[in-house]
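Here are the chains, one letter per residue:
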Amino acid sequence: MPNKHFNPDGLDYRLFTPGPVQVPDWVLEEMGKPNDTHRSLAYREMHAAIRENMQKILHTQNDILLFANSGTGILEACVRNLLADDETGLFFSCGAFGDRWIQIAELNGKKFEAVKVEWGKGITPELVQEKLAEKKYPVVFITFNETSTGVLNPLDKIGPIVRDSGAILCVDCVSGMGGTLLKVDEWGIDIALASVQKCFGIPPGLAFCSISERALEKAKTVKNRGFYLDFLKIHKKGLQNEHPITPCIPQIRSLKKVSEKIVEITPEKFAEEHFERTELIRNWAKENGFEIFSEEGYHSQTVVTIKNNLNIDVAKFVDELFERGYKIVNGYGSMKGQNFRMAPMGWITLDETKKMLEAASEALKVAK
Ligand SMILES: Cc1ncc(COP(=O)(O)O)c(C=O)c1O
């Protein structure tokens, strides 16, 4: 994998960051091919292939909508399209991105009930059951893989509980999709959304989601959905394999290629490989005396958040590792210094992960 996309200075380093991630050569080659317009047959063929491939990857019959923005745009779209002004959405948060969704609801003038769990802990099916038993909610919002804490929530168990309550379920899968197996139909997920700069290994700028018929029907009843992020407008044009506005064609071309490759490898294997890489990192951390920040049973398969229980100089460790050719990141926001994150997302190999950990062992000696 080259470094030329992110790194014009000629420094040679690999990204083990929780997005954007290292972009492989073959993706960059797709990005660099000549464009046709977004009203051409060539474009329609790409758009159609992505809809089909992503249905296979997500194990769903639901349609796939493409958005010419990053994942946060779809977080906002869910709120605007699915929550009427007199309705209250139920939001579960276990970290910074769950909190972001609540803030988006607030800034859009929507009513919300926020259920927050301590950072590092997962959202349990029991908690979801309890909240839904207290009151009926039209829409539930939850994060699959919380990138700030390295927590993976059990959507296989939470999804059916929400479905039984009758609520529409929106899931932020930004940093989990692809790297973690998702069974959208079986788990009852109405919206599963992601950005391309995480496990898909594509430069940022494109996001997409699966959307159920139920969600589309609900959107028809909601006023003031806006223009740019209107599910119905994007779905209608999407049925003709086009987008209402000018989308980011290079990223779309890359996503066609990447989704083809994942289907070929199989979504199961692609996710399993992410698990193997994060497991390797977790084992390295434990062997070196660290604790994993995320609660046992809720570990992410795409980003490992390592607790600084050894009280090392995290900033120095990150710098030392960078000197050795690998970029990882400090803890998120106020967790800086308290933990650090290593994310072998996308097309990073197990071998590259091993090499990164060898370098991390060296860097650790200096930062202790
Ligand atoms: C879990 C999660 N949700 C949402 C986002 C926001 O996505 P984007 O940066 O594509 O807008 C991120 C980005 O890191 C994320 O990790």
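The rules we used
Residues numbered from 1 in each chain as written. Predicted model: local features only at pLDDT ≥ 70, side-chain atom pairs only at ≥ 80, totals over all residues. Heavy atoms only, no water. Domains from an automatic or database assignment. Buried area = accessible area lost by both parts, 1.4 Å probe. Salt bridge = Lys/Arg side-chain N within 4 Å of Asp/Glu carboxyl O. Polar contact = N/O pair within 3.5 Å; in protein donor to acceptor, adjacent residues only side chain to side chain. Core = buried A, V, L, I, M, F, W, Y, C linked by side-chain atoms within 4.5 Å. Buried < 20%, exposed > 50% of the residue type's maximum accessible area, 1.4 Å probe, protein only. Helix = DSSP H or I, 4+ residues; strand = E, 2+ residues; numbered from the N terminus. Axes fitted to C-alpha atoms, helices over the stretch in contact; angles between N-to-C directions. Parallel < 35°, antiparallel > 145°, perpendicular 65-115°, else oblique. Left-handed = near helix turned anticlockwise from the far one by under 90°. Contact = heavy atoms within 4.5 Å. Nonpolar A, V, L, I, M, F, W, Y, C, P; charged D, E, K, R; others polar. Arc of directions from axis to C-beta.

Peer 1: Any chance you could explain the domain arrangement of the protein chain here in plain terms?
Peer 2: Where interface size is given, it is often the accessible area lost as the parts come together that is meant. We note that the domain assignment places domain 1 (14–23 + 267–367) and domain 2 (26–264) within the protein chain. Put simply, the middle of domain 1 and the middle of domain 2, counted by C-alpha atoms, are 26 Å apart. Ranking the residues of domain 1 by area buried against domain 2 places V23, Y298 and W347 at the top, with a combined share of 26%. The interface formed by domain 1 and domain 2 contains zero salt bridges. At the boundary of domain 1 with domain 2, the tally comes to 15 residue pairs in polar contact (both at pLDDT 80 or more).

Peer 1: Quick question: what am I supposed to make of the nonpolar core here?
Peer 2: Across soluble globular proteins, nonpolar side chains show a tendency to be buried alongside one another. M177 and F208 are the most contacted members of the largest nonpolar core, which has 55 residues in total. Per element, the largest residue contribution to this core is six residues, and it comes from helix 2 (residues 41–58). A domain-level breakdown of this core finds at least three residues from each of domain 1 (14–23 + 267–367) and domain 2 (26–264). Among the nonpolar cores identified, the runner-up in size contains 31 residues, and L83, W101, F141 and I211 belong to it.

Peer 1: Can you walk me through the packing of helix 2 against helix 10 (residues 249–265) in this structure?
Peer 2: Angle between the axes and distance between the axes are the two parameters that describe a pair of packed helices. Where helix 2 meets helix 10, the axes come as close as 9 Å, and the angle between the chain directions of the two elements is 40°. In terms of axis orientation, helix 2 runs oblique to helix 10. Where helix 2 crosses over helix 10, the handedness of that crossing is left-handed. Here Y43, M46, A49, I50, N53, M54, K56 and I57 of helix 2 come into contact with helix 10, specifically with I249, I252, R253, L255, K256, S259, E260, I262 and V263. Class assignment for the residues of the contact of helix 2 with helix 10 results in 11 nonpolar, two polar and four charged.

Peer 1: Explain helix 8 (residues 213–221) to me, please; I cannot follow it from the model alone.
Peer 2: For an α-helix the count is 3.6 residues per turn, leaving residues at separations of three or four pointing the same way. Regarding helix 8, the residues found buried are A215, L216, K218 and A219. In an axial view of helix 8, the angular spread of the buried residues amounts to 160°, which keeps them on one side of the axis. With respect to the buried face of helix 8, the exposed residues turned more than 90 degrees away are E213, K220 and T221. Buried-residue contacts for helix 8 involve helix 3 (71–82), strand 5 (139–143), strand 8 (168–172), strand 9 (191–195), strand 10 (207–211) and helix 9 (231–238).

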